[in-house]
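Geometric and topological summary
For reference, the chains in residue letters:
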Amino acid sequence: MHISQVHIDLPTLSDTDKHVIATWGVRNNIDFLSLSYTRHAEDIRQTRAYLDELGNLQQTQIFAKIETIEGLEHFDEILQEADGIILSRGNLGIDLPPEKVFLFQKAAVHKCNMAGKPAVVTRVVDSMSGNLRPTRAEATDVANAVLDGTDAILLGAETFRGLYPFETISIVGKICAEAEKVYNQAVYFKRTMKHSNEPMSHLESIATTAVSAAINVKASVIVVFTASGRTARLIAKYRPTMPVLSVVIPRLTTNQLRWSFTGAFQARQTLIVRGVFPMLADPRHSAESINATNESVLEIALDHGKTAGLIKPHDRIVVCQKVGDSAVVKILELED
(Lines give C-alpha, C1' and ligand atoms only; values in the text may rest on other atoms or scores of the structure.)
Protein backbone atom coordinates (compact mmCIF):
# COMPACT_ATOMS: atom_id res chain seq x y z
CA MET A 1 0.00 0.00 0.00
CA HIS A 2 1.34 3.41 -0.97
CA ILE A 3 -0.29 6.76 -0.28
CA SER A 4 1.63 9.79 -1.50
CA GLN A 5 3.27 11.85 1.27
CA VAL A 6 1.63 9.71 4.00
CA HIS A 7 3.47 7.56 6.56
CA ILE A 8 1.94 4.07 6.69
CA ASP A 9 2.56 2.18 9.91
CA LEU A 10 2.67 -1.31 8.43
CA PRO A 11 5.52 -3.85 8.47
CA THR A 12 7.71 -3.81 5.35
CA LEU A 13 7.63 -7.62 5.20
CA SER A 14 4.09 -8.97 5.32
CA ASP A 15 3.20 -12.50 6.49
CA THR A 16 2.71 -13.46 2.83
CA ASP A 17 6.17 -12.14 1.98
CA LYS A 18 7.71 -14.18 4.78
CA HIS A 19 5.89 -17.32 3.66
CA VAL A 20 7.15 -16.95 0.08
CA ILE A 21 10.72 -16.34 1.25
CA ALA A 22 10.62 -19.30 3.67
CA THR A 23 9.28 -21.69 1.02
CA TRP A 24 10.12 -20.68 -2.55
CA GLY A 25 13.11 -18.56 -1.49
CA VAL A 26 14.77 -21.24 0.63
CA ARG A 27 14.05 -23.93 -1.95
CA ASN A 28 15.77 -21.91 -4.68
CA ASN A 29 18.65 -20.46 -2.62
CA ILE A 30 17.87 -16.91 -3.77
CA ASP A 31 20.89 -14.66 -4.33
CA PHE A 32 19.06 -11.34 -3.94
CA LEU A 33 16.01 -10.01 -2.14
CA SER A 34 14.46 -6.80 -3.44
CA LEU A 35 12.88 -5.10 -0.42
CA SER A 36 10.05 -2.96 -1.77
CA TYR A 37 9.05 0.28 -0.06
CA THR A 38 12.14 0.41 2.15
CA ARG A 39 11.57 3.37 4.47
CA HIS A 40 14.48 3.28 6.91
CA ALA A 41 17.51 1.20 7.88
CA GLU A 42 15.54 -0.78 10.45
CA ASP A 43 13.60 -2.41 7.58
CA ILE A 44 16.88 -3.85 6.29
CA ARG A 45 17.99 -5.01 9.73
CA GLN A 46 14.67 -6.77 10.41
CA THR A 47 14.73 -8.47 7.01
CA ARG A 48 18.31 -9.61 7.51
CA ALA A 49 17.43 -11.02 10.94
CA TYR A 50 14.57 -12.97 9.34
CA LEU A 51 16.86 -14.36 6.62
CA ASP A 52 19.39 -15.39 9.29
CA GLU A 53 16.64 -17.31 11.09
CA LEU A 54 16.01 -19.35 7.94
CA GLY A 55 19.62 -20.56 7.93
CA ASN A 56 20.02 -21.23 4.21
CA LEU A 57 19.61 -17.58 3.24
CA GLN A 58 22.26 -16.02 5.47
CA GLN A 59 24.29 -15.10 2.37
CA THR A 60 21.36 -13.61 0.43
CA GLN A 61 21.96 -9.96 -0.39
CA ILE A 62 19.25 -7.38 0.33
CA PHE A 63 18.63 -4.61 -2.19
CA ALA A 64 16.61 -1.72 -0.82
CA LYS A 65 14.01 -0.46 -3.27
CA ILE A 66 13.60 3.28 -2.80
CA GLU A 67 10.04 4.24 -3.77
CA THR A 68 8.84 6.89 -1.32
CA ILE A 69 9.77 10.26 0.18
CA GLU A 70 10.34 8.47 3.49
CA GLY A 71 12.96 6.27 1.85
CA LEU A 72 14.61 9.34 0.36
CA GLU A 73 14.82 11.08 3.71
CA HIS A 74 16.62 8.08 5.23
CA PHE A 75 18.64 7.22 2.12
CA ASP A 76 22.10 7.51 3.70
CA GLU A 77 21.35 5.16 6.58
CA ILE A 78 19.57 2.73 4.23
CA LEU A 79 22.61 2.68 1.92
CA GLN A 80 24.84 1.86 4.87
CA GLU A 81 22.78 -1.23 5.78
CA ALA A 82 21.74 -2.49 2.32
CA ASP A 83 23.88 -4.50 -0.12
CA GLY A 84 22.60 -2.41 -3.03
CA ILE A 85 19.96 0.11 -4.06
CA ILE A 86 17.12 -0.13 -6.59
CA LEU A 87 15.75 3.24 -7.70
CA SER A 88 12.07 2.70 -8.44
CA ARG A 89 11.42 5.79 -10.50
CA GLY A 90 7.84 4.84 -11.28
CA ASN A 91 6.60 5.11 -7.70
CA LEU A 92 9.01 7.93 -6.88
CA GLY A 93 7.32 9.90 -9.64
CA ILE A 94 4.13 9.81 -7.55
CA ASP A 95 5.80 11.36 -4.50
CA LEU A 96 8.22 13.70 -6.28
CA PRO A 97 7.54 16.44 -8.80
CA PRO A 98 8.74 15.25 -12.26
CA GLU A 99 11.45 17.92 -12.36
CA LYS A 100 13.00 16.53 -9.15
CA VAL A 101 13.27 12.84 -10.09
CA PHE A 102 16.47 13.20 -12.12
CA LEU A 103 18.17 15.09 -9.27
CA PHE A 104 17.50 12.25 -6.86
CA GLN A 105 18.63 9.65 -9.40
CA LYS A 106 21.97 11.34 -10.00
CA ALA A 107 22.60 11.98 -6.29
CA ALA A 108 21.62 8.43 -5.29
CA VAL A 109 23.76 6.77 -7.99
CA HIS A 110 26.74 8.94 -6.98
CA LYS A 111 26.37 7.94 -3.33
CA CYS A 112 26.14 4.25 -4.29
CA ASN A 113 29.28 4.60 -6.43
CA MET A 114 31.23 6.23 -3.61
CA ALA A 115 30.09 3.50 -1.20
CA GLY A 116 31.03 0.77 -3.70
CA LYS A 117 27.50 -0.66 -3.71
CA PRO A 118 25.47 -1.55 -6.83
CA ALA A 119 22.92 0.98 -8.08
CA VAL A 120 20.04 -0.36 -10.17
CA VAL A 121 17.66 1.82 -12.20
CA THR A 122 14.13 0.80 -13.24
CA ARG A 123 11.44 2.02 -15.65
CA VAL A 124 13.59 2.91 -18.65
CA VAL A 125 11.78 1.73 -21.81
CA ASP A 126 8.11 1.52 -20.80
CA SER A 127 6.94 2.14 -24.37
CA MET A 128 8.46 -1.18 -25.47
CA SER A 129 5.68 -2.99 -23.60
CA GLY A 130 3.71 -2.48 -26.79
CA ASN A 131 6.21 -1.14 -29.33
CA LEU A 132 9.16 -2.76 -31.06
CA ARG A 133 11.44 0.27 -30.57
CA PRO A 134 12.00 2.63 -27.64
CA THR A 135 11.46 6.35 -28.01
CA ARG A 136 14.50 8.57 -28.54
CA ALA A 137 14.02 9.99 -25.04
CA GLU A 138 14.00 6.48 -23.51
CA ALA A 139 17.16 5.47 -25.40
CA THR A 140 18.89 8.61 -24.15
CA ASP A 141 17.64 7.90 -20.62
CA VAL A 142 19.25 4.43 -20.65
CA ALA A 143 22.55 5.87 -21.90
CA ASN A 144 22.52 8.64 -19.29
CA ALA A 145 21.91 6.08 -16.53
CA VAL A 146 25.06 4.25 -17.64
CA LEU A 147 27.07 7.48 -17.87
CA ASP A 148 25.88 8.44 -14.37
CA GLY A 149 27.46 5.24 -12.99
CA THR A 150 24.55 2.80 -12.78
CA ASP A 151 25.54 -0.86 -12.36
CA ALA A 152 22.42 -2.47 -13.79
CA ILE A 153 19.15 -1.80 -15.58
CA LEU A 154 16.11 -3.61 -14.17
CA LEU A 155 13.34 -4.27 -16.69
CA GLY A 156 9.80 -4.73 -15.40
CA ALA A 157 6.60 -4.43 -17.39
CA GLU A 158 8.63 -4.53 -20.62
CA THR A 159 9.55 -8.18 -20.04
CA PHE A 160 6.86 -9.20 -17.55
CA ARG A 161 3.84 -8.53 -19.74
CA GLY A 162 5.33 -6.72 -22.75
CA LEU A 163 4.92 -7.96 -26.30
CA TYR A 164 8.64 -7.79 -27.16
CA PRO A 165 10.66 -9.04 -24.15
CA PHE A 166 13.62 -10.41 -26.14
CA GLU A 167 13.90 -7.34 -28.35
CA THR A 168 13.75 -5.13 -25.25
CA ILE A 169 16.70 -6.91 -23.61
CA SER A 170 18.69 -6.79 -26.84
CA ILE A 171 18.13 -3.07 -27.49
CA VAL A 172 18.76 -1.98 -23.88
CA GLY A 173 21.95 -4.08 -23.88
CA LYS A 174 23.17 -2.44 -27.08
CA ILE A 175 22.50 1.05 -25.70
CA CYS A 176 24.41 0.22 -22.51
CA ALA A 177 27.36 -1.14 -24.52
CA GLU A 178 27.54 2.03 -26.64
CA ALA A 179 27.35 4.27 -23.58
CA GLU A 180 30.16 2.35 -21.87
CA LYS A 181 32.43 3.04 -24.86
CA VAL A 182 32.34 6.79 -24.15
CA TYR A 183 32.34 6.56 -20.34
CA ASN A 184 34.97 8.92 -18.96
CA GLN A 185 36.81 6.57 -16.62
CA ALA A 186 39.68 8.96 -15.93
CA VAL A 187 37.39 11.63 -14.51
CA TYR A 188 35.45 9.05 -12.49
CA PHE A 189 38.65 7.53 -11.06
CA LYS A 190 39.92 10.92 -9.86
CA ARG A 191 36.56 11.79 -8.35
CA THR A 192 36.31 8.46 -6.52
CA MET A 193 39.85 8.77 -5.17
CA LYS A 194 39.02 12.25 -3.92
CA HIS A 195 35.99 10.98 -2.00
CA SER A 196 37.72 7.90 -0.55
CA ASN A 197 38.09 7.70 3.19
CA GLU A 198 41.52 8.49 4.52
CA PRO A 199 43.40 6.57 5.58
CA MET A 200 42.23 3.86 3.15
CA SER A 201 41.72 0.31 4.32
CA HIS A 202 44.46 -2.14 3.34
CA LEU A 203 42.15 -3.93 0.90
CA GLU A 204 40.95 -0.75 -0.83
CA SER A 205 44.52 0.47 -1.18
CA ILE A 206 45.37 -2.77 -2.98
CA ALA A 207 42.29 -2.33 -5.20
CA THR A 208 43.26 1.21 -6.26
CA THR A 209 46.82 0.04 -6.94
CA ALA A 210 45.55 -2.74 -9.18
CA VAL A 211 43.33 -0.33 -11.15
CA SER A 212 46.13 2.25 -11.53
CA ALA A 213 48.60 -0.40 -12.69
CA ALA A 214 46.12 -1.84 -15.19
CA ILE A 215 45.45 1.61 -16.66
CA ASN A 216 49.14 2.53 -16.87
CA VAL A 217 50.23 -0.67 -18.65
CA LYS A 218 47.03 -0.82 -20.74
CA ALA A 219 46.15 -4.27 -19.42
CA SER A 220 43.35 -6.16 -21.14
CA VAL A 221 41.95 -7.58 -17.91
CA ILE A 222 42.36 -7.53 -14.13
CA VAL A 223 42.33 -11.00 -12.56
CA VAL A 224 41.47 -11.02 -8.87
CA PHE A 225 41.39 -14.01 -6.51
CA THR A 226 38.76 -13.63 -3.82
CA ALA A 227 36.80 -15.75 -1.36
CA SER A 228 33.96 -13.35 -0.58
CA GLY A 229 33.89 -11.22 -3.75
CA ARG A 230 34.74 -8.10 -1.72
CA THR A 231 38.07 -7.44 -3.42
CA ALA A 232 36.48 -7.71 -6.87
CA ARG A 233 33.74 -5.27 -5.83
CA LEU A 234 36.31 -2.79 -4.50
CA ILE A 235 38.26 -2.92 -7.76
CA ALA A 236 35.04 -2.46 -9.74
CA LYS A 237 34.19 0.53 -7.54
CA TYR A 238 36.92 2.47 -9.38
CA ARG A 239 35.42 1.55 -12.77
CA PRO A 240 38.55 0.31 -14.59
CA THR A 241 38.31 0.49 -18.39
CA MET A 242 39.09 -3.23 -18.66
CA PRO A 243 36.98 -6.18 -17.37
CA VAL A 244 37.55 -7.57 -13.89
CA LEU A 245 37.82 -11.36 -13.94
CA SER A 246 36.83 -12.41 -10.42
CA VAL A 247 38.04 -15.90 -9.50
CA VAL A 248 36.05 -16.93 -6.45
CA ILE A 249 37.94 -19.49 -4.35
CA PRO A 250 35.55 -21.78 -2.41
CA ARG A 251 35.87 -22.14 1.34
CA LEU A 252 35.07 -25.28 3.28
CA THR A 253 32.75 -24.49 6.20
CA THR A 254 30.82 -26.50 8.77
CA ASN A 255 27.84 -25.92 11.04
CA GLN A 256 29.00 -28.89 13.19
CA LEU A 257 26.40 -31.11 11.49
CA ARG A 258 27.64 -31.09 7.91
CA TRP A 259 30.43 -29.69 5.75
CA SER A 260 29.78 -27.47 2.76
CA PHE A 261 31.60 -25.26 0.26
CA THR A 262 30.82 -21.56 0.02
CA GLY A 263 31.59 -19.63 -3.12
CA ALA A 264 28.73 -20.20 -5.56
CA PHE A 265 26.63 -17.52 -3.86
CA GLN A 266 29.50 -15.03 -3.91
CA ALA A 267 30.31 -15.69 -7.57
CA ARG A 268 26.71 -15.22 -8.72
CA GLN A 269 26.20 -12.11 -6.60
CA THR A 270 29.06 -10.25 -8.30
CA LEU A 271 27.23 -10.59 -11.64
CA ILE A 272 25.27 -7.46 -10.75
CA VAL A 273 28.45 -5.41 -10.22
CA ARG A 274 29.40 -3.40 -13.29
CA GLY A 275 32.44 -4.73 -15.15
CA VAL A 276 32.90 -7.94 -13.12
CA PHE A 277 33.01 -11.37 -14.80
CA PRO A 278 32.95 -14.03 -12.05
CA MET A 279 34.07 -17.63 -12.25
CA LEU A 280 34.10 -20.29 -9.52
CA ALA A 281 37.41 -22.07 -8.98
CA ASP A 282 37.78 -25.78 -8.39
CA PRO A 283 36.89 -26.56 -4.73
CA ARG A 284 40.10 -28.60 -4.48
CA HIS A 285 41.97 -25.27 -4.52
CA SER A 286 41.10 -23.87 -1.12
CA ALA A 287 41.35 -20.18 -0.32
CA GLU A 288 44.32 -20.88 1.91
CA SER A 289 46.27 -22.66 -0.84
CA ILE A 290 46.36 -19.78 -3.32
CA ASN A 291 49.90 -18.43 -3.26
CA ALA A 292 52.68 -17.40 -5.55
CA THR A 293 53.70 -20.99 -6.34
CA ASN A 294 50.22 -22.23 -7.14
CA GLU A 295 49.69 -21.06 -10.72
CA SER A 296 47.20 -23.74 -11.84
CA VAL A 297 44.14 -21.68 -10.88
CA LEU A 298 45.56 -18.64 -12.68
CA GLU A 299 46.07 -20.71 -15.84
CA ILE A 300 42.46 -21.88 -15.68
CA ALA A 301 41.31 -18.30 -15.19
CA LEU A 302 43.35 -17.14 -18.21
CA ASP A 303 41.93 -19.95 -20.34
CA HIS A 304 38.45 -18.86 -19.27
CA GLY A 305 39.29 -15.28 -20.23
CA LYS A 306 40.55 -16.38 -23.65
CA THR A 307 37.40 -18.43 -24.27
CA ALA A 308 35.24 -15.45 -23.29
CA GLY A 309 37.17 -13.21 -25.67
CA LEU A 310 38.60 -11.03 -22.88
CA ILE A 311 42.26 -12.01 -23.35
CA LYS A 312 44.44 -12.35 -26.47
CA PRO A 313 48.08 -13.45 -27.01
CA HIS A 314 50.69 -10.85 -25.97
CA ASP A 315 48.15 -9.03 -23.77
CA ARG A 316 49.21 -7.66 -20.43
CA ILE A 317 47.15 -8.60 -17.42
CA VAL A 318 47.17 -7.45 -13.81
CA VAL A 319 46.75 -10.09 -11.12
CA CYS A 320 45.62 -9.34 -7.59
CA GLN A 321 46.01 -12.23 -5.16
CA LYS A 322 46.82 -13.13 -1.59
CA VAL A 323 50.23 -14.52 -0.72
CA GLY A 324 50.37 -15.66 2.87
CA ASP A 325 49.10 -12.79 4.99
CA SER A 326 49.84 -10.21 2.31
CA ALA A 327 48.04 -9.12 -0.86
CA VAL A 328 50.11 -8.50 -3.97
CA VAL A 329 49.53 -6.93 -7.39
CA LYS A 330 51.61 -8.24 -10.26
CA ILE A 331 51.76 -7.56 -14.01
CA LEU A 332 52.07 -10.44 -16.49
CA GLU A 333 52.68 -10.36 -20.24
CA LEU A 334 51.21 -13.33 -22.03
CA GLU A 335 53.05 -15.34 -24.66
CA ASP A 336 51.51 -17.03 -27.69
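Residues numbered from 1 in each chain as written. Predicted model: local features only at pLDDT ≥ 70, side-chain atom pairs only at ≥ 80, totals over all residues. Heavy atoms only, no water.

1. Observations regarding the packing of aromatic side chains
Per the stated rule, a full pass over the model turns up four aromatic pairs. Between phenylalanine 32 and phenylalanine 63, the ring centres sit 5.3 Å apart and the planes meet at 90 degrees, which makes this aromatic pair edge-to-face. A residue pair is termed long-range when its members are at least 10 positions apart, and phenylalanine 32 in strand S1 (residues 32-35) and phenylalanine 63 in strand S2 (residues 61-66) qualify at 31 residues. Assessed through its relative accessible area of 30%, phenylalanine 32 is described here as partly exposed. Residue classification places phenylalanine 63 among the buried positions, given a relative accessible area of 3%. (Phe/Tyr/Trp six-rings, centres within 6.5 Å; stacked < 30°, edge-to-face > 60°. Helix = DSSP H or I, 4+ residues; strand = E, 2+ residues; numbered from the N terminus. Buried < 20%, exposed > 50% of the residue type's maximum accessible area, 1.4 Å probe, protein only.)

2. Structural notes on the layout of surface pockets
Approximately 670 Å³ is the volume found for the largest pocket. Lining the largest pocket we find 28 residues, and of these Val146, Asp151, Glu180, Arg274 and Gly275 sit closest to its centre. Where the lining of the largest pocket is concerned, the elements lending two or more residues are strand S5 (152-154) and helix H9 (165-181). For the lining of the largest pocket, the element with the most residues is H9, which contributes seven residues. A class-by-class count of the residues in the lining of the largest pocket yields 18 nonpolar, five polar and five charged. (1 Å grid on protein atoms, 1.4 Å probe; cavity = no way out; pocket = protein on both sides within 12 Å on 5 of 7 lines; lining within 4 Å. Points joined across faces, edges and corners; volume = space filled by probe spheres on them. Nonpolar A, V, L, I, M, F, W, Y, C, P; charged D, E, K, R; others polar.)

3. Some details on the nonpolar core
In this structure, Ile66, Phe75, Ile85 and Phe104 are the most contacted members of the largest nonpolar core, which totals 41 residues. Each residue touching isoleucine 66, except ones within four places of it in the same chain, is listed here: Thr38, Gly71, Leu72, Phe75, Ile78, Ile85, Ile86, Leu87, Ser88, Leu92 and Phe104. In this structure, Val217, Ala232, Val244 and Ile272 belong to the second largest nonpolar core, which totals 27 residues. (Core = buried A, V, L, I, M, F, W, Y, C linked by side-chain atoms within 4.5 Å. Contact = heavy atoms within 4.5 Å.)

4. Quick word on helix H12 (residues 230-237)
Within H12, six of the eight residues are buried, which leaves it mostly tucked inside the rest of the structure. All of the buried residues in H12 are Thr231, Ala232, Leu234, Ile235, Ala236 and Lys237. Trailing H12 by a residue or two, arginine 239 shows a phi angle of about 50 degrees, which is positive.

5. Some words on the sheet that holds S2
Read across the open sheet, the five strands follow the order S1-S2-S3-S4-S5; overall the sheet is parallel. With one partner strand each, in any of the chains shown, S1 and S5 form the two edges of the open sheet. Ignoring strand direction, the axes of neighbouring strands in this sheet form an average angle of 25 degrees. The sheet contact formed by strand S3 (residues 84-87) and strand S4 (residues 119-122) spans three bridges and is parallel. Looking at the pairing, isoleucine 86 lines up with valine 120 of S4. (Pairing = 2+ DSSP bridges. Axes fitted to C-alpha atoms, helices over the stretch in contact; angles between N-to-C directions.)

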